[in-house]
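Breakdown of the fold
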Amino acid sequence: MVTLVFPELLPPQLSRLTPEETDERIAAAKEALGSRLVILGHHYQRDEVIKFADFRGDSFKLCQEAAACPDAEYILFAGVHFMAESADILSGEHQQVILPDLSAGCSMADMANSEQVDDCWAQLTGVTDEIIIPITYMNSTAALKSFCGKNNGAVCTSSNAESMLNWAWEQGEKVLFFPDQHLGRNTAAKMGVPLDKMIVWDPHAEFGGVTEEQIREAKVILWKGHCSVHQRFTVEHIEKAREQFPGCRVIVHPECSYEVVQAADENGSTNYIINAIEASEPGTTWIVGTEMHLVNRLSKELENRTVHCLDDCMCMCATMYRIDPEHLLWALENLLEGRVVNRISVDDETRKWALVALDRMLAHA
Ligand code: 13P
Ligand code: SF4
(Lines give C-alpha, C1' and ligand atoms only; values in the text may rest on other atoms or scores of the structure.)
(Ligands and ions follow the chains in the order given, each with its own letter.)
Protein backbone atom coordinates (compact mmCIF):
# COMPACT_ATOMS: atom_id res chain seq x y z
CA MET A 1 0.00 0.00 0.00
CA VAL A 2 1.52 3.36 -1.00
CA THR A 3 0.58 6.82 0.17
CA LEU A 4 0.26 9.62 -2.35
CA VAL A 5 2.30 12.66 -1.38
CA PHE A 6 1.86 16.04 -3.07
CA PRO A 7 4.78 18.24 -4.20
CA GLU A 8 7.45 18.58 -1.60
CA LEU A 9 10.76 20.34 -1.76
CA LEU A 10 13.92 18.38 -2.30
CA PRO A 11 15.53 17.79 1.11
CA PRO A 12 18.61 20.09 1.25
CA GLN A 13 20.87 17.28 2.44
CA LEU A 14 20.52 15.58 -0.97
CA SER A 15 22.03 18.61 -2.68
CA ARG A 16 25.08 18.32 -0.44
CA LEU A 17 26.00 14.80 -1.59
CA THR A 18 28.95 14.37 -3.93
CA PRO A 19 28.08 13.16 -7.46
CA GLU A 20 29.62 9.78 -6.57
CA GLU A 21 27.51 9.42 -3.42
CA THR A 22 24.37 10.40 -5.36
CA ASP A 23 25.15 7.86 -8.08
CA GLU A 24 25.77 5.10 -5.56
CA ARG A 25 22.48 5.75 -3.77
CA ILE A 26 20.53 5.93 -7.04
CA ALA A 27 22.03 2.63 -8.18
CA ALA A 28 21.26 1.02 -4.81
CA ALA A 29 17.64 2.26 -4.77
CA LYS A 30 17.17 1.13 -8.35
CA GLU A 31 18.52 -2.30 -7.57
CA ALA A 32 16.32 -2.63 -4.49
CA LEU A 33 13.21 -1.67 -6.46
CA GLY A 34 14.14 -4.20 -9.16
CA SER A 35 11.39 -5.05 -11.63
CA ARG A 36 8.87 -2.92 -9.71
CA LEU A 37 10.43 0.10 -11.44
CA VAL A 38 11.08 1.14 -15.04
CA ILE A 39 12.95 4.35 -15.84
CA LEU A 40 12.21 5.91 -19.22
CA GLY A 41 14.63 8.61 -20.43
CA HIS A 42 14.30 11.07 -23.30
CA HIS A 43 17.40 11.61 -25.44
CA TYR A 44 17.59 15.27 -24.34
CA GLN A 45 18.28 14.30 -20.74
CA ARG A 46 21.70 15.03 -19.28
CA ASP A 47 24.26 12.19 -19.15
CA GLU A 48 24.14 11.94 -15.34
CA VAL A 49 20.46 11.02 -15.59
CA ILE A 50 20.15 9.13 -18.87
CA LYS A 51 22.72 6.58 -17.72
CA PHE A 52 20.11 5.27 -15.25
CA ALA A 53 17.35 4.88 -17.88
CA ASP A 54 16.18 1.35 -18.65
CA PHE A 55 14.92 2.62 -22.00
CA ARG A 56 16.06 5.70 -23.89
CA GLY A 57 14.15 7.10 -26.78
CA ASP A 58 12.39 9.93 -28.50
CA SER A 59 8.81 10.83 -27.60
CA PHE A 60 7.35 8.16 -29.84
CA LYS A 61 9.55 5.30 -28.67
CA LEU A 62 8.97 6.20 -25.03
CA CYS A 63 5.21 6.07 -25.59
CA GLN A 64 5.60 2.58 -26.98
CA GLU A 65 7.77 1.58 -24.01
CA ALA A 66 5.25 2.97 -21.52
CA ALA A 67 2.54 0.85 -23.11
CA ALA A 68 4.79 -2.21 -23.12
CA CYS A 69 5.89 -2.54 -19.50
CA PRO A 70 2.75 -3.78 -17.69
CA ASP A 71 4.72 -5.49 -14.94
CA ALA A 72 6.35 -2.40 -13.47
CA GLU A 73 4.50 -0.84 -10.55
CA TYR A 74 6.29 2.48 -11.07
CA ILE A 75 7.24 4.23 -14.30
CA LEU A 76 9.68 7.02 -13.59
CA PHE A 77 9.84 9.48 -16.45
CA ALA A 78 13.12 11.28 -17.03
CA GLY A 79 11.64 13.77 -19.46
CA VAL A 80 9.00 16.49 -19.36
CA HIS A 81 5.44 16.75 -18.11
CA PHE A 82 3.53 15.98 -21.34
CA MET A 83 5.59 12.80 -21.77
CA ALA A 84 4.79 11.62 -18.25
CA GLU A 85 1.09 12.36 -18.84
CA SER A 86 1.14 10.27 -22.02
CA ALA A 87 2.88 7.45 -20.13
CA ASP A 88 0.14 7.59 -17.50
CA ILE A 89 -2.56 7.40 -20.18
CA LEU A 90 -0.90 4.47 -21.94
CA SER A 91 0.02 2.50 -18.83
CA GLY A 92 -2.28 0.34 -16.72
CA GLU A 93 -4.41 1.46 -13.78
CA HIS A 94 -2.19 -0.50 -11.42
CA GLN A 95 0.85 1.55 -12.48
CA GLN A 96 1.99 4.94 -11.21
CA VAL A 97 3.97 7.45 -13.24
CA ILE A 98 6.47 9.76 -11.56
CA LEU A 99 8.10 12.93 -12.85
CA PRO A 100 11.05 13.59 -10.49
CA ASP A 101 10.68 17.38 -10.76
CA LEU A 102 7.22 18.79 -11.44
CA SER A 103 8.69 21.96 -12.89
CA ALA A 104 9.95 19.99 -15.90
CA GLY A 105 7.35 21.36 -18.32
CA CYS A 106 7.56 22.44 -21.96
CA SER A 107 7.20 26.02 -23.14
CA MET A 108 5.77 24.83 -26.45
CA ALA A 109 3.08 22.75 -24.74
CA ASP A 110 2.18 25.86 -22.73
CA MET A 111 1.47 27.78 -25.95
CA ALA A 112 -1.94 26.13 -26.44
CA ASN A 113 -4.57 25.58 -23.78
CA SER A 114 -8.05 24.04 -23.94
CA GLU A 115 -9.88 27.33 -23.81
CA GLN A 116 -7.91 28.72 -26.74
CA VAL A 117 -8.30 25.54 -28.79
CA ASP A 118 -12.05 25.33 -28.06
CA ASP A 119 -12.39 28.94 -29.13
CA CYS A 120 -10.39 28.37 -32.32
CA TRP A 121 -12.43 25.24 -33.12
CA ALA A 122 -15.75 27.06 -32.68
CA GLN A 123 -14.60 29.83 -34.99
CA LEU A 124 -13.18 27.52 -37.68
CA THR A 125 -16.17 25.19 -37.75
CA GLY A 126 -18.47 28.22 -37.92
CA VAL A 127 -16.84 29.35 -41.15
CA THR A 128 -16.58 26.17 -43.23
CA ASP A 129 -18.61 23.00 -43.78
CA GLU A 130 -15.48 21.09 -44.78
CA ILE A 131 -14.34 18.47 -42.28
CA ILE A 132 -11.43 19.68 -40.15
CA ILE A 133 -9.27 17.05 -38.44
CA PRO A 134 -7.41 18.24 -35.33
CA ILE A 135 -3.90 16.84 -34.94
CA THR A 136 -1.95 17.64 -31.82
CA TYR A 137 1.77 17.21 -31.53
CA MET A 138 2.73 14.97 -28.62
CA ASN A 139 4.14 18.12 -26.99
CA SER A 140 0.75 19.20 -25.63
CA THR A 141 -1.35 18.68 -22.53
CA ALA A 142 -3.47 15.56 -22.02
CA ALA A 143 -6.53 17.84 -22.29
CA LEU A 144 -5.62 18.72 -25.87
CA LYS A 145 -4.98 15.09 -26.75
CA SER A 146 -8.42 14.41 -25.33
CA PHE A 147 -9.88 17.20 -27.50
CA CYS A 148 -8.42 15.47 -30.56
CA GLY A 149 -9.77 12.09 -29.49
CA LYS A 150 -13.28 13.54 -29.09
CA ASN A 151 -13.18 15.42 -32.39
CA ASN A 152 -12.06 12.59 -34.68
CA GLY A 153 -8.43 13.65 -34.54
CA ALA A 154 -5.18 12.16 -33.31
CA VAL A 155 -1.74 12.78 -31.81
CA CYS A 156 1.51 12.78 -33.77
CA THR A 157 5.19 12.95 -32.91
CA SER A 158 7.98 14.29 -35.06
CA SER A 159 8.72 10.74 -36.22
CA ASN A 160 5.26 10.03 -37.63
CA ALA A 161 3.85 13.47 -38.48
CA GLU A 162 3.73 12.58 -42.17
CA SER A 163 1.76 9.34 -41.65
CA MET A 164 -0.62 11.19 -39.35
CA LEU A 165 -1.22 13.99 -41.85
CA ASN A 166 -1.87 11.36 -44.53
CA TRP A 167 -4.31 9.69 -42.16
CA ALA A 168 -5.99 13.03 -41.42
CA TRP A 169 -6.52 13.78 -45.10
CA GLU A 170 -8.22 10.43 -45.50
CA GLN A 171 -10.69 11.57 -42.81
CA GLY A 172 -11.34 15.15 -43.87
CA GLU A 173 -10.41 18.12 -46.02
CA LYS A 174 -8.50 20.35 -43.62
CA VAL A 175 -6.13 19.87 -40.71
CA LEU A 176 -5.84 22.00 -37.58
CA PHE A 177 -2.29 21.34 -36.36
CA PHE A 178 -1.12 22.45 -32.91
CA PRO A 179 0.86 23.61 -31.00
CA ASP A 180 4.02 23.59 -33.19
CA GLN A 181 3.61 25.58 -36.37
CA HIS A 182 7.06 24.52 -37.62
CA LEU A 183 6.55 20.76 -37.47
CA GLY A 184 3.17 21.23 -39.15
CA ARG A 185 4.50 23.49 -41.90
CA ASN A 186 7.66 21.46 -42.56
CA THR A 187 5.74 18.19 -42.77
CA ALA A 188 2.91 19.49 -44.94
CA ALA A 189 5.40 21.25 -47.27
CA LYS A 190 7.35 17.99 -47.63
CA MET A 191 4.08 16.33 -48.62
CA GLY A 192 3.51 18.90 -51.37
CA VAL A 193 1.09 21.33 -49.71
CA PRO A 194 1.89 24.83 -51.05
CA LEU A 195 2.82 27.39 -48.38
CA ASP A 196 -0.08 29.61 -49.45
CA LYS A 197 -2.49 26.83 -48.44
CA MET A 198 -1.24 27.05 -44.86
CA ILE A 199 -2.37 29.77 -42.49
CA VAL A 200 -1.25 30.54 -38.96
CA TRP A 201 -3.83 30.84 -36.19
CA ASP A 202 -2.66 33.25 -33.51
CA PRO A 203 -4.57 32.48 -30.30
CA HIS A 204 -3.81 35.99 -29.00
CA ALA A 205 -5.22 37.85 -32.02
CA GLU A 206 -8.84 38.55 -32.75
CA PHE A 207 -10.29 35.74 -34.89
CA GLY A 208 -6.82 34.15 -34.91
CA GLY A 209 -5.49 37.01 -37.02
CA VAL A 210 -6.96 35.45 -40.19
CA THR A 211 -9.97 36.09 -42.43
CA GLU A 212 -12.93 33.80 -43.16
CA GLU A 213 -11.76 33.62 -46.77
CA GLN A 214 -8.28 32.46 -45.70
CA ILE A 215 -9.83 29.71 -43.57
CA ARG A 216 -11.98 28.49 -46.47
CA GLU A 217 -8.93 28.42 -48.78
CA ALA A 218 -6.55 26.77 -46.30
CA LYS A 219 -5.62 23.11 -46.26
CA VAL A 220 -3.66 23.38 -43.01
CA ILE A 221 -4.33 25.72 -40.11
CA LEU A 222 -1.14 25.95 -38.07
CA TRP A 223 -1.13 27.05 -34.44
CA LYS A 224 1.21 29.90 -33.60
CA GLY A 225 3.47 27.91 -31.28
CA HIS A 226 7.13 26.95 -31.37
CA CYS A 227 9.97 25.30 -29.48
CA SER A 228 12.23 27.89 -27.92
CA VAL A 229 15.25 25.59 -28.34
CA HIS A 230 14.82 24.68 -32.02
CA GLN A 231 13.59 28.09 -33.11
CA ARG A 232 17.00 29.54 -32.22
CA PHE A 233 18.73 27.89 -35.18
CA THR A 234 19.09 30.15 -38.22
CA VAL A 235 20.11 29.90 -41.87
CA GLU A 236 23.16 32.04 -40.95
CA HIS A 237 24.25 29.29 -38.54
CA ILE A 238 24.11 26.81 -41.44
CA GLU A 239 26.06 29.10 -43.78
CA LYS A 240 28.71 29.66 -41.13
CA ALA A 241 29.01 25.92 -40.43
CA ARG A 242 29.43 25.14 -44.13
CA GLU A 243 32.21 27.69 -44.37
CA GLN A 244 33.93 26.34 -41.28
CA PHE A 245 33.49 22.63 -42.11
CA PRO A 246 33.50 22.23 -45.91
CA GLY A 247 31.79 18.98 -46.92
CA CYS A 248 29.86 18.68 -43.66
CA ARG A 249 26.28 17.44 -43.54
CA VAL A 250 23.71 19.58 -41.77
CA ILE A 251 20.84 17.74 -40.10
CA VAL A 252 18.08 19.45 -38.12
CA HIS A 253 14.91 18.63 -36.21
CA PRO A 254 11.62 19.61 -37.92
CA GLU A 255 10.77 21.87 -34.96
CA CYS A 256 13.25 24.28 -36.63
CA SER A 257 11.87 26.99 -38.92
CA TYR A 258 10.92 26.23 -42.55
CA GLU A 259 13.91 28.26 -43.81
CA VAL A 260 16.36 26.30 -41.65
CA VAL A 261 14.86 22.96 -42.68
CA GLN A 262 15.07 23.97 -46.35
CA ALA A 263 18.70 25.04 -45.97
CA ALA A 264 19.74 21.83 -44.15
CA ASP A 265 20.78 18.64 -45.95
CA GLU A 266 18.39 16.49 -43.94
CA ASN A 267 15.75 16.81 -41.27
CA GLY A 268 13.97 14.38 -39.02
CA SER A 269 12.94 13.44 -35.52
CA THR A 270 15.41 12.80 -32.74
CA ASN A 271 15.56 9.10 -33.61
CA TYR A 272 15.99 9.90 -37.30
CA ILE A 273 18.94 12.16 -36.50
CA ILE A 274 20.61 9.51 -34.34
CA ASN A 275 20.11 6.78 -36.94
CA ALA A 276 21.35 8.94 -39.81
CA ILE A 277 24.54 9.84 -37.97
CA GLU A 278 25.16 6.28 -36.76
CA ALA A 279 24.65 4.90 -40.28
CA SER A 280 26.94 7.45 -41.96
CA GLU A 281 30.38 6.74 -43.38
CA PRO A 282 33.20 7.00 -40.83
CA GLY A 283 34.88 10.36 -41.22
CA THR A 284 31.66 12.29 -41.88
CA THR A 285 31.29 15.65 -40.17
CA TRP A 286 27.77 16.38 -38.93
CA ILE A 287 26.35 19.71 -37.90
CA VAL A 288 23.24 19.05 -35.86
CA GLY A 289 20.35 21.39 -35.12
CA THR A 290 18.78 19.95 -32.01
CA GLU A 291 19.09 19.89 -28.21
CA MET A 292 22.70 20.07 -27.07
CA HIS A 293 22.75 17.19 -24.59
CA LEU A 294 21.93 14.78 -27.38
CA VAL A 295 24.42 16.42 -29.74
CA ASN A 296 27.21 16.30 -27.15
CA ARG A 297 26.44 12.66 -26.39
CA LEU A 298 26.58 11.71 -30.07
CA SER A 299 29.84 13.58 -30.37
CA LYS A 300 31.33 11.59 -27.46
CA GLU A 301 29.88 8.20 -28.35
CA LEU A 302 30.56 8.08 -32.09
CA GLU A 303 34.31 8.02 -32.35
CA ASN A 304 34.57 7.93 -36.14
CA ARG A 305 32.24 10.81 -36.89
CA THR A 306 32.68 14.44 -35.99
CA VAL A 307 29.51 15.91 -34.52
CA HIS A 308 28.98 19.61 -33.73
CA CYS A 309 25.97 21.58 -32.59
CA LEU A 310 24.63 24.01 -35.22
CA ASP A 311 24.76 26.82 -32.67
CA ASP A 312 27.42 26.51 -29.99
CA CYS A 313 25.57 28.92 -27.68
CA MET A 314 24.03 26.46 -25.23
CA CYS A 315 21.01 25.22 -27.20
CA MET A 316 19.64 23.27 -24.31
CA CYS A 317 16.14 22.54 -23.15
CA ALA A 318 16.07 24.16 -19.72
CA THR A 319 13.04 22.17 -18.59
CA MET A 320 14.48 18.79 -19.57
CA TYR A 321 17.49 19.87 -17.52
CA ARG A 322 15.33 20.20 -14.41
CA ILE A 323 15.55 16.43 -13.98
CA ASP A 324 18.78 16.10 -12.08
CA PRO A 325 20.36 13.18 -10.19
CA GLU A 326 19.23 14.62 -6.83
CA HIS A 327 15.54 14.61 -7.81
CA LEU A 328 15.95 11.16 -9.28
CA LEU A 329 17.46 9.91 -6.03
CA TRP A 330 14.76 11.61 -3.97
CA ALA A 331 11.95 10.03 -6.01
CA LEU A 332 13.54 6.57 -5.85
CA GLU A 333 14.30 6.60 -2.12
CA ASN A 334 10.74 7.71 -1.43
CA LEU A 335 9.45 4.78 -3.45
CA LEU A 336 11.58 2.49 -1.36
CA GLU A 337 9.79 3.85 1.70
CA GLY A 338 6.41 3.30 0.04
CA ARG A 339 5.80 6.97 -0.82
CA VAL A 340 5.08 8.19 -4.33
CA VAL A 341 6.29 11.76 -4.84
CA ASN A 342 5.36 13.83 -7.89
CA ARG A 343 2.93 11.37 -9.35
CA ILE A 344 1.46 12.36 -12.72
CA SER A 345 -2.12 11.23 -12.96
CA VAL A 346 -4.61 12.07 -15.69
CA ASP A 347 -8.31 12.07 -14.74
CA ASP A 348 -10.55 9.36 -16.20
CA GLU A 349 -12.56 11.49 -18.65
CA THR A 350 -9.44 13.15 -20.10
CA ARG A 351 -7.65 9.81 -20.22
CA LYS A 352 -10.49 8.10 -22.08
CA TRP A 353 -10.39 10.46 -25.08
CA ALA A 354 -6.66 11.13 -24.98
CA LEU A 355 -6.13 7.39 -25.23
CA VAL A 356 -8.30 7.30 -28.36
CA ALA A 357 -6.08 9.96 -29.94
CA LEU A 358 -2.86 8.24 -28.83
CA ASP A 359 -4.05 4.84 -30.02
CA ARG A 360 -4.83 6.30 -33.45
CA MET A 361 -1.24 7.49 -33.56
CA LEU A 362 0.22 4.20 -32.39
CA ALA A 363 -1.82 2.37 -35.05
CA HIS A 364 -0.41 4.54 -37.83
CA ALA A 365 3.23 4.79 -36.92
P1 13P B 1 10.98 13.98 -30.45
O2 13P B 1 11.31 13.26 -29.22
O3 13P B 1 9.66 13.54 -31.03
O4 13P B 1 12.04 14.01 -31.47
O5 13P B 1 10.67 15.51 -30.05
C6 13P B 1 11.65 16.35 -29.64
C7 13P B 1 11.20 17.20 -28.53
O8 13P B 1 11.20 18.38 -28.58
C9 13P B 1 10.80 16.56 -27.34
O10 13P B 1 10.35 17.54 -26.54
FE1 SF4 C 1 9.51 21.52 -25.24
FE2 SF4 C 1 11.38 22.29 -27.01
FE3 SF4 C 1 12.10 21.35 -24.61
FE4 SF4 C 1 11.05 19.71 -26.44
S5 SF4 C 1 12.99 20.79 -26.58
S6 SF4 C 1 10.54 19.79 -24.27
S7 SF4 C 1 9.55 21.09 -27.44
S8 SF4 C 1 10.92 23.24 -25.02
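Use the structure listed above.
The rules we used
Residues numbered from 1 in each chain as written. Chains lettered and ligands numbered in written order. Predicted model: local features only at pLDDT ≥ 70, side-chain atom pairs only at ≥ 80, totals over all residues. Heavy atoms only, no water. Pairing = 2+ DSSP bridges. Helix = DSSP H or I, 4+ residues; strand = E, 2+ residues; numbered from the N terminus. Contact = heavy atoms within 4.5 Å. Axes fitted to C-alpha atoms, helices over the stretch in contact; angles between N-to-C directions. 1 Å grid on protein atoms, 1.4 Å probe; cavity = no way out; pocket = protein on both sides within 12 Å on 5 of 7 lines; lining within 4 Å. Points joined across faces, edges and corners; volume = space filled by probe spheres on them. Nonpolar A, V, L, I, M, F, W, Y, C, P; charged D, E, K, R; others polar. Patch = residues over 30% accessible without salt bridge, like charges linked within 9 Å, V, L, I, M, F, W, Y side chains within 5 Å. Areas by Shrake-Rupley, 256 points an atom, 1.4 Å probe, with all protein chains shown as cover. Salt bridge = Lys/Arg side-chain N within 4 Å of Asp/Glu carboxyl O. Lys, Arg positive; Asp, Glu negative; His and termini not counted. Charge placed at Lys NZ, Arg CZ, Asp CG, Glu CD.

**Re the sheet that holds strand E2 (residues 37-42)**
Overall, mixed pairing links the five strands, which are arranged E3-E2-E4-E5-E16 in an open sheet. Of all strands in the sheet, those with a lone pairing partner are strand E3 (55-57) and strand E16 (343-344), marking the two edges. Sheet topology note: the E2/strand E4 (residues 74-78) ladder contains five bridges and is parallel. Considered in E4, the bridge of Leu-37 is made with Tyr-74. Sitting on the sheet, helix H4 (residues 59-67) is in contact with E2, E3 and E4, with an inclination near 145 degrees to E3.

**A word on the layout of surface pockets**
Taken as a whole, the largest pocket holds about 340 Å³ of empty space. Around the largest pocket, the lining is made up of 29 residues, and of these Tyr-44, Cys-106, Asn-139, Cys-227 and Cys-317 lie nearest the centre. Elements with a contribution of two residues or more to the lining of the largest pocket: H4 and helix H5 (81-90). The class makeup of the residues in the lining of the largest pocket is 14 nonpolar, twelve polar and three charged.

**So, the sheet that holds strand E9 (residues 198-201)**
Strand order in the open sheet formed by five strands is E7-E6-E8-E10-E9, with parallel pairing between adjacent strands. A strand with exactly one partner marks an edge of an open sheet, and here the two such strands are strand E7 (154-156) and E9. Ignoring strand direction, the axes of neighbouring strands in this sheet form an average angle of 25 degrees. In this structure, strand E6 (residues 132-137) lies alongside strand E8 (residues 174-178), joined through five bridges in parallel fashion. Within E8, the position partnered with Ile-135 by the bridge is Phe-177.

**Regarding a negative patch on the surface**
A cluster of acidic side chains, namely Glu-93, Asp-347, Asp-348 and Glu-349, defines a negative patch on the protein surface. Mapping Glu-93 onto the fold places it in the loop between H5 and strand E5 (96-98).

**Examining the pattern of salt bridges**
Per the counting criterion, the structure on display carries 20 salt bridges. Here Glu-333 ties to Arg-25 by a salt bridge, and the two come within 2.8 Å at their closest N and O atoms. Linking Glu-333 in helix H15 (residues 325-336) with Arg-25 in helix H2 (residues 19-33), this pair joins segments that are 308 residues apart in sequence. Put simply, Glu-130 and Lys-174 hold a salt bridge, and the shortest N to O gap is 2.8 Å. Of this pair, Glu-130 sits in the loop between helix H6 (114-125) and E6 while Lys-174 is found in strand E8, placing the two residues 44 residues apart along the sequence. Put simply, Asp-47, Arg-297 and Lys-300 are held in one network by salt bridges that share partners.

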